[in-house]
Amino acid sequence: QVQLVESGGGLVQAGGSLRLSCAASGNIFSINSMGWYRQAPGKQRELVAAITSSGSTNYADSVKGRFIISRDNAENTVYLQMNSLKPEDTAVYLCNADYLSYSKTYLSVWGQGTQVTVSS
């Protein structure tokens, strides 16, 4: 069993910053990629940013230059620093991890989500 625990969401004014954290624990041999997705009401879930175990990153065009994803491999934790937030960034942010279990099975797991609300 693998669990992702997210934290750091909240309410912030436009132009402000928030930092999200997501820690993975459980039956994990290694984690390949970790990422943040978001889902706003009435919209499809979309990738915000992802990072591989070697540090390669991928960002949605809408957040490039404003958000920074990073990870601590030793702690199985991924962070999302969100700067210059806009009202359109309002959504539930969900963490995802693609990992290899000790039984050498590749699996994917999602966190429960954390709400980010940006007021204008």
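Predicted model, so just to flag it, every value in this text is computed and none were measured.

Each value, and the rule that gives it
Residues numbered from 1 in each chain as written. Predicted model: local features only at pLDDT ≥ 70, side-chain atom pairs only at ≥ 80, totals over all residues. Heavy atoms only, no water. Helix = DSSP H or I, 4+ residues; strand = E, 2+ residues; numbered from the N terminus. Rg over C-alpha atoms; globule rule 2.2 N^0.38 Å. Buried < 20%, exposed > 50% of the residue type's maximum accessible area, 1.4 Å probe, protein only. Contact = heavy atoms within 4.5 Å. Areas by Shrake-Rupley, 256 points an atom, 1.4 Å probe, with all protein chains shown as cover. Lys, Arg positive; Asp, Glu negative; His and termini not counted. Charge placed at Lys NZ, Arg CZ, Asp CG, Glu CD. Core = buried A, V, L, I, M, F, W, Y, C linked by side-chain atoms within 4.5 Å.

(A) Molecular detail of the overall build of the protein. Per the secondary structure count, the protein includes zero helices and eleven strands. Along its sequence from the N terminus, the protein presents helices and strands in the succession β-β-β-β-β-β-β-β-β-β-β. Compactness check: the protein gives a C-alpha radius of gyration of 14 Å against a globular reference of 14 Å for 120 residues, within 12% of the reference. Every one of the 120 residues in the protein was classed for burial, and the buried ones make up 42%. Partitioning the intrachain contacts of the protein with sequence separation of at least 6 by distance along the chain shows that 55% fall at a separation of at least 24. For the protein, the exposed area adds up to about 6,300 Å²; of that, 47% sits on carbon and sulfur atoms. Placing the 9 positive and 8 negative side-chain charges of the protein at their respective mean positions leaves the two points 2 Å apart.

(B) Focus on the nonpolar core. Within the largest apolar cluster, 32 residues are counted, with the highest numbers of intra-cluster contacts made by Trp 36, Leu 80, Met 82 and Tyr 93. Those elements giving two or more residues to this core turn out to be strand 1 (2-7), strand 3 (18-26), strand 4 (30-39), strand 5 (46-52), strand 7 (67-72), strand 8 (77-82), strand 9 (91-100) and strand 11 (114-119). Here the element with the most residues in this core is strand 9; it accounts for five residues. Apart from the residues lying within four places of it in its own chain, the contact partners of Met 82 are Gly 16, Ser 17, Leu 18, Leu 20, Arg 66, Phe 67, Tyr 93 and Val 116.

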